[in-house]
Amino acid sequence: MAEATEALIVIDIQNDFCPGGALAVAGGDAIIPRVNALMQEFPVTVLTQDWHPEEHSSFAAMHDAAPFSQIQMPYGPQTLWPMHCVQGTEGAEFHPALSLEPADMILRKGFRAGVDSYSAFFENDHTTPTGLAGYLRERGITDLAFVGLALDFCVAWSAIDAAKLGFTVRVLEGACRAIDLEGSLAAARAAMRAAGVVLEE
Ligand code: VGL
Ligand code: ZN
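Residues numbered from 1 in each chain as written. Chains lettered and ligands numbered in written order. Predicted model: local features only at pLDDT ≥ 70, side-chain atom pairs only at ≥ 80, totals over all residues. Heavy atoms only, no water.

## Some thoughts on helix 4 (residues 184-194)
Taken together, the buried positions of helix 4 are Ser184, Leu185, Ala188 and Met192. Around the axis of helix 4, the buried residues are gathered within 95° of arc, so they sit on the same side. More than 90 degrees from the buried face of helix 4, the exposed residues found are Ala186, Arg193 and Ala194. Those residues of helix 4 that are buried are in contact with helix 3 (151-164), strand 7 (168-177) and strand 8 (198-200). (Buried < 20%, exposed > 50% of the residue type's maximum accessible area, 1.4 Å probe, protein only. Helix = DSSP H or I, 4+ residues; strand = E, 2+ residues; numbered from the N terminus. Arc of directions from axis to C-beta. Contact = heavy atoms within 4.5 Å.)

## Observations concerning the state of the cysteines
Counted by the stated rule, this structure contains zero disulfides. Take cysteine 18: it sits in no disulfide, and the sulfur closest to it among the cysteines is that of cysteine 85, at 9.6 Å. Judged by its relative accessible area of 1%, cysteine 18 falls in the buried class. Sulfur of cysteine 85: no disulfide; nearest cysteine sulfur belongs to cysteine 154 and is 8.8 Å away. (Disulfide = S-S within 2.5 Å.)

## As for the coordination of the zinc ion (ligand 2)
Taken together, the protein ligands of the zinc ion (ligand 2) are Asp50 (OD), His52 (NE2) and His84 (NE2), with distances of 2.0 to 2.2 Å. Its four donor atoms give the zinc ion (ligand 2) angles of 87 to 169° at the centre, a pattern that matches the irregular case. Positions of the donor residues of the zinc ion (ligand 2), expressed as sequence spacing, correspond to D-x1-H-x31-H. Just as aspartate 50 is buried, histidine 52 falls in that class too. (Donors = N, O, S within 2.8 Å, 3.2 Å for Na, K, Ca; no water. Tetrahedral: all angles 85-135°; square planar, octahedral: opposite > 155°, others 65-115°.)

## Points about the pairing of strand 4 (residues 76-79)
Alignment of strand 3 (residues 70-73) against strand 4, held across four bridges, turns out to be antiparallel. Bridged to glutamine 70 within strand 4 is threonine 79. Turn length for the strand 3-strand 4 hairpin, with the two strands adjacent in sequence and antiparallel, is two residues. (Pairing = 2+ DSSP bridges.)

## Digging into the sheet that holds strand 8
Strand order in the open sheet made by the six strands is 5-2-1-6-7-8, with parallel pairing throughout. In the strand order of this sheet, the two ends are held by strand 5 (105-109) and strand 8, each with one partner. Taking each pair of neighbouring strands and ignoring which way they run, the sheet shows an average axis angle of 25°. Pairing analysis gives six bridges linking strand 1 (residues 6-11) to strand 6 (residues 143-149), with the strands arranged parallel. Across the sheet, the residue bridging to glutamate 6 is aspartate 143, located in strand 6. Sitting on the sheet, helix 1 (residues 32-39) touches strand 1, strand 2 (44-50), strand 6 and strand 7, and the angle it makes with strand 7 is about 145°. (Axes fitted to C-alpha atoms, helices over the stretch in contact; angles between N-to-C directions.)

Next up, the structure:
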């Protein structure tokens, strides 16, 4: 059983990030049984849901560019993605095998057309807060465990921001899967470790 002060943060286990989805992460659905079991062990559970308007600036089609290429946005470099997790679509729904009942809160992110939001805490400008830190602090949470998709993008960015915000952070890698774009997994692991995030199986 986790401590009373530790929350489980479940990142983006949505149809579009699972096999058959628009931005499928290999084996993305394989983590779900363990995530469902973990949710029973934590006093607080938060689910995040990538939730983009149809004309989101992270979509390659908006820039006549190839998916997985990079552009400069006013807030910094941005990878361009296939259209995914569009608000109200089946791809944006949670995977049907994921238990939703244990969730205390569902946090949607990436809903502003002009800025992406990998992290559950800040949009990709690194300054616009989502409100999650305040929610967790008001509930007396000091420690966080992260699971979900994708390890090298939304999980890593969330875990690093959480550590910077002063939470004690671990990532349960066995309950995550990565996109691994041009070394992004190795880079994300190094950045997490450098931020003080503990990587566990
Ligand atoms: C994610 C790319 C684009 C993620 C979300 O959940 O890791 N990756 N949007
Ligand atoms: Zn997205």
